[in-house]
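Okay, here's what each chain looks like letter by letter:
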Amino acid sequence: MAVTAHRKTYSKTYSSWGGVLRAPHEAVLPTARAEAAAALVEPFPNGVVPYGNGRSYGDVGLNPLGGLLDMRGLDRFIAFDPETGLMTCEAGVTLADILAVTARPEADGGGWLLPVMPGTRFITVGGAIANDVHGKNAHRLGSFGCHVEALELARSDGRVLTCSRSENADLFRATIGGLGLTGLILSATLRLRRVPGLGVETEDIRFDHLDRFFDLDAESTGTWEYTAAWIDCLATGTALGRGIYSRSRHVAGVAAQPPARHPHIGVPLAPPISAVNGLSVRAFNALYWRKLGASGRKLSLGAYEPAFFPLDAIDHWNRLYGPKGFFQFQAVVPPADAKAVTGALLGAIATSGQGSMLVVLKRFGEVASEGLLSFPMPGISLALDFPNRGASTTTLLARLEAIVVEAGGRIYPAKDFCMSARSFAAGYPGLEAFRSHLDPAMTSAFARRVGIVREDIP
Amino acid sequence: MSARQSRIAIFGATSDIAVAYARRSAAQGARLVLFARDAVALETVAADLKVRGATAVEIRHADFADLSTLPQVSRDAFAAFGGLDVALVAYGSLPDQTALNADPAALKAALDLNFVSPVLLANLLAAPFETARAGAIAVITSVAGDRGRQSNYAYGAAKGGCQTFLEGLRHRLFPAGVTVLDIRPGFVATKMTAHLPQGGPLWATPDQVAGDIVAALEKGRAVLYTPWFWWPIMTIVKSVPRALFHRTKL
Ligand SMILES: Cc1cc2nc3c(=O)[nH]c(=O)nc-3n(C[C@H](O)[C@H](O)[C@H](O)COP(=O)(O)OP(=O)(O)OC[C@H]3O[C@@H](n4cnc5c(N)ncnc54)[C@H](O)[C@@H]3O)c2cc1C
Ligand SMILES: NC(=O)c1ccc[n+]([C@@H]2O[C@H](COP(=O)([O-])OP(=O)(O)OC[C@H]3O[C@@H](n4cnc5c(N)ncnc54)[C@H](OP(=O)(O)O)[C@@H]3O)[C@@H](O)[C@H]2O)c1
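Residues numbered from 1 in each chain as written. Chains lettered and ligands numbered in written order. Predicted model: local features only at pLDDT ≥ 70, side-chain atom pairs only at ≥ 80, totals over all residues. Heavy atoms only, no water.

Draft legend 1. Quick look at the overall build of chain B. Looking only at helices and strands, chain B features 9 helices and 9 strands. In summary, chain B has a C-alpha radius of gyration of 18 Å against a globular reference of 18 Å for 250 residues, a match within 12%. Along the three orthogonal principal directions, the C-alpha set of chain B runs to about 55 × 40 × 35 Å. Residues counted as buried form 51% of the 250 residues belonging to chain B. Taking contacts inside chain B between residues at least 6 apart in sequence as the whole, the part at least 24 apart equals 72%. With the model as given, the accessible surface of chain B reaches about 11,200 Å², and the carbon-plus-sulfur share is 59%. If you average the places of the 25 positive and of the 19 negative side-chain charges in chain B, the two averages end up 6 Å apart. (Helix = DSSP H or I, 4+ residues; strand = E, 2+ residues; numbered from the N terminus. Rg over C-alpha atoms; globule rule 2.2 N^0.38 Å. Buried < 20%, exposed > 50% of the residue type's maximum accessible area, 1.4 Å probe, protein only. Contact = heavy atoms within 4.5 Å. Areas by Shrake-Rupley, 256 points an atom, 1.4 Å probe, with all protein chains shown as cover. Lys, Arg positive; Asp, Glu negative; His and termini not counted. Charge placed at Lys NZ, Arg CZ, Asp CG, Glu CD.)

Draft legend 2. Quick look at the pattern of salt bridges. All chains considered together, the criterion is met by 38 salt bridges over all chains. Residue Glu203(A) pairs with Arg297(A) through a salt bridge whose shortest N-O separation is 3.2 Å. Here Arg297(A) lies in strand E17 (residues 297–302) and Glu203(A) lies in strand E13 (residues 200–207), a separation of 94 residues in the sequence. Between Asp416(A) and Arg449(A) there is a salt bridge, and its shortest N-O distance comes to 3.0 Å. One end of the pair, Asp416(A), is in the loop between strand E22 (410–411) and helix H11 (421–427); the other, Arg449(A), is in helix H13 (residues 445–449), with 33 residues separating them in the sequence. Here Asp416(A) falls in the buried class, since its relative accessible area comes to 6%. Overall, the relative accessible area of 25% leaves Arg449(A) in the partly exposed class. Through salt bridges with shared partners, a single network forms among Asp75(A), Asp97(A), Arg261(A), Arg23(B), Arg24(B), Asp48(B), Arg52(B) and Asp207(B). (Salt bridge = Lys/Arg side-chain N within 4 Å of Asp/Glu carboxyl O.)

Draft legend 3. Structural context of the domain arrangement of chain A. Residue and element names in this part refer to chain A. Along its sequence, chain A is carved into domain 1 (83–195) and domain 2 (199–419). Inter-centroid distance (C-alpha atoms) of domain 1 to domain 2 is 24 Å. Considering only the surface of domain 1 that becomes buried against domain 2, Arg121, Lys136 and His139 emerge as the three largest contributors, covering 23% of it. The residue Arg261 makes a salt bridge to Asp97 at a minimum N-O spacing of 3.1 Å. For the side of domain 1 that touches domain 2, the elements supplying multiple residues, two or more each, are helix H2 (95–102), helix H4 (138–141), helix H5 (169–175) and strand E12 (193–195). Of the residues in the side of domain 1 that touches domain 2, the class split is 17 nonpolar, 12 polar and 10 charged. (Domains from an automatic or database assignment. Buried area = accessible area lost by both parts, 1.4 Å probe. Nonpolar A, V, L, I, M, F, W, Y, C, P; charged D, E, K, R; others polar.)

Draft legend 4. A look at the site of ligand 2. All names here are of chain B. As a matter of local geometry, ligand 2 sits amid 27 residues, with Ser15, Asp16, Tyr155, Val188 and Thr190 nearest to it. A distance of 3.1 Å separates an oxygen atom of ligand 2 from a polar backbone atom of Ala90. In the model, an oxygen atom of ligand 2 is placed 2.7 Å from a nitrogen or oxygen of the Thr190 side chain. Of all the elements in the fold, those that place two or more residues in the shell around ligand 2 are helix H1 (16–27), helix H6 (153–173) and strand E7 (187–188). Of the residues that constitute the shell around ligand 2, the class distribution is 13 nonpolar, 8 polar and 6 charged. (Near = heavy atom within 4 Å. Polar contact = N/O pair within 3.5 Å; in protein donor to acceptor, adjacent residues only side chain to side chain.)

Draft legend 5. Summary view of the site of ligand 1. All names here are of chain A. Close to ligand 1 lie 35 residues, the nearest being Pro50, Arg55, Ser56, Thr124 and Tyr412. Contact distances for ligand 1 include 2.8 Å between a nitrogen atom and a backbone N or O atom of His134. Taken by itself ligand 1 offers 980 Å² of open surface, and the protein chains cover 96% of this. Counting residues per element, the ones that place at least two in the shell around ligand 1 are strand E4 (48–51), helix H3 (125–130) and strand E11 (184–191). Looking at the shell around ligand 1 residue by residue, the class counts come to 19 nonpolar, 14 polar and 2 charged.

Draft legend 6. Layout of the sheet that holds strand E14 (residues 226–231) of chain A. Residues and elements named next belong to chain A. Spatially, 8 strands are ordered E17-E13-E15-E14-E20-E21-E19-E22 in an open sheet, and the strand pairing comes out antiparallel. The open sheet has two edge strands with one neighbour each: E17 and E22. Pairing geometry for strand E20 (residues 359–364) and strand E21 (residues 379–387), over 6 bridges, is antiparallel. Within the sheet, the bridge partner assigned to Val360 lies in E21 and is Ala383. Running at roughly 10° to strand E19 (residues 326–333), helix H10 (residues 391–406) makes contact with E19, E21 and E22 of the sheet. (Pairing = 2+ DSSP bridges. Axes fitted to C-alpha atoms, helices over the stretch in contact; angles between N-to-C directions.)

Draft legend 7. Structural context of the environment of Ala344(A). Turning to its location among the elements, Ala344(A) is positioned in helix H9 (residues 338–352). Between the C-alpha atoms of Ala344(A) and Leu400(A), which are 56 residues apart in sequence, the distance is 8.8 Å.

Draft legend 8. Structural context of the packing of aromatic side chains. According to the stated counting rule, one finds 26 aromatic pairs over all chains in the structure shown. Between the aromatic rings of Phe424(A) and Phe446(A), the centroid separation amounts to 5.7 Å while the plane-to-plane angle is 85°, which identifies the pairing as edge-to-face. Here Phe424(A) is found in helix H11, whereas its partner Phe446(A) is found in helix H13, with 22 residues between them in sequence. Neither residue differs from the other here; Phe424(A) and Phe446(A) are each classed as buried. Between Phe187(B) and Trp230(B), the ring centres sit 5.5 Å apart and the planes meet at 85°, which makes this aromatic pair edge-to-face. Here Phe187(B), found in strand E7, pairs with Trp230(B), found in helix H8 (residues 230–239); they are 43 residues apart in sequence, far enough to count as distant. A relative accessible area of 36% means that Phe187(B) is categorised as partly exposed. With relative accessibility at 6%, the residue Trp230(B) sits in the buried group. (Phe/Tyr/Trp six-rings, centres within 6.5 Å; stacked < 30°, edge-to-face > 60°.)

Structure below.
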């Protein structure tokens, strides 16, 4: 532990969710907003990165050997108005906590829900804003930032600024999806959404080719709020892109209790080798594709947890990939030739035989994300995991990256470990405007790798 | 006892374990009166508990190192909601034994805060509970109180002293039907232990400990090892022969 006039730092190890990077950091563990703001003012020798709950797969939230502001201690609610749905909380509050507190069903089954929920509820509000995360309803309600009314941002010059669409609006737009590089988010006000029933009806439909995904999606988008598909990434030829399309919507009068604040079961230790390999993926995919039986359809009614947060049932499921960890890849490609490009991506993956069971295909709509570096844009998004097999995996990732960039698409920083500076600049035209909002104290392994900040920190 | 609308006083309310317990109680609609020395932190915790569902939250400033204020603290706690169902004594400090060895004044301060103050307070709280013939006094001691160890015996002695005091108090209050709960956590990831690695199978979160406290109060338990595996661990630690124990670095 090191103590100076402005802060205490502790040497602690932090790792990426994919487990590929594990490194010591000089961590500050603030428990008060004023303490967090003060810690930023004294320069960190190797810069500093904000850390939420470490659910990013790559290096956006890491700064090996440098400073790290662990925000998990700032986990207090500040105010909630059940008339308007406006909720203010500290940046370290998790989405699981918000659901537990505000999404309790009222007498009519309705309640206040988070408008945007990514595939895990164990992320912080700060992390949700800094990656401008999206959920299965991105085509309807856009990304997380669309529902942020205001945020309180600490800068390393000692100022604490309120940012909103009317106050410091440019900095607000830079901070949404700003990867923690514009300063430290201390708290935020979110506009929650009243749904007439917290419960959902969910329909799963098997489809046997990529083309059918597009048909099902066109048919669903008007009447189903949450949509995404699981893809069997090992299927080739005429079965390329086969999978299961899932769509959900709220049903008035149907209640659902908030999901647990912590997972019930966990993976305490990493197995010595990855439990996710060619054999287990092939077996899983074959079984999963058939799970809907002869009819190929299933309709269910009730809790949203299994539909929205399937992986949250098992704590530290990431450890199943063994000590070498895994990469995640997510990219979005523009709608015009999305079918062909998605086919090309899935083809490259299937030939390599490297994918995993977790593959998600989803269409993003026209609702614009406001952040200068926000990931969501209209088009088709493909996300999947790859067990880390060294060079053969990074070669495949480079191939996918090339296909995406060539098609005018972009790769998601929250999931990325490999993208080049060129690909980042090509995918994110807001980068130049963004640079003028950088806080000079902030950095990350990601920001240096893709050239958002210069390599030579003082 | 159901936590619904129950009246709870917490001494050292900005402790991470205390906050976790308060949050669980708030979610059940409890009424809470909170005592702590850091006014800003106290207000932050109070606002949080209100959003989480507390029916009422009162805050009071208190420095528990100042023993002369304890009678007033006890009266304020009972006055807030006209009686109490649960009183949780949570404050404490984890001093560096090596530093204390060279500094008798610091040793005395550590013993005052971790032993004298909490037992004085528990004894002050006892009388009104005894009169009411209901309720529970819960004090966070520690597994460190179970056996003196070279690395930690000032803290351990203070916690062990609390344990014995609570044992006697429990005996006294038994006829009145008042629960006296001695909470003995193992390693808990809180700001008190931030300088340690805080990872691995022996470490618990404040929320896990809080869950155990809620359950123990509901059952009217006397001694709580939390998480449960500290009971067998401490049974072994206590039974290691002295000759062998002296060769360890514990
Ligand atoms: C199982 C699983 C499913 C997922 N599904 C989705 C999904 O459907 N959609 C989606 O969009 N994402 C998804 N993700 C990714 C995840 O939502 C994002 O990576 C999210 O940003 C993680 O938040 P975190 O709180 O863990 O922050 P971290 O991962 O710790 O940090 C993320 C970024 O936020 C910054 N940051 C954190 N706190 C602050 C702060 N207070 N101030 C400023 N910057 C801050 C960090 O510096 C970093 O750049 C998923 C992840 C997992 C593990
Ligand atoms: N963490 C563990 O591993 C562990 C294990 C066994 C037992 N315990 C015990 O559990 C209890 C709670 O500790 P914790 O782990 O939750 O740590 P914590 O968050 O550091 O809580 C300790 C609290 O005591 C308060 N305090 C200290 N001196 C005080 C004083 N003079 N007046 C008023 N308040 C004072 C502190 O107030 P400030 O916030 O103002 O500093 C702090 O809130 C303690 O009794 C501790 O000994 C902890």
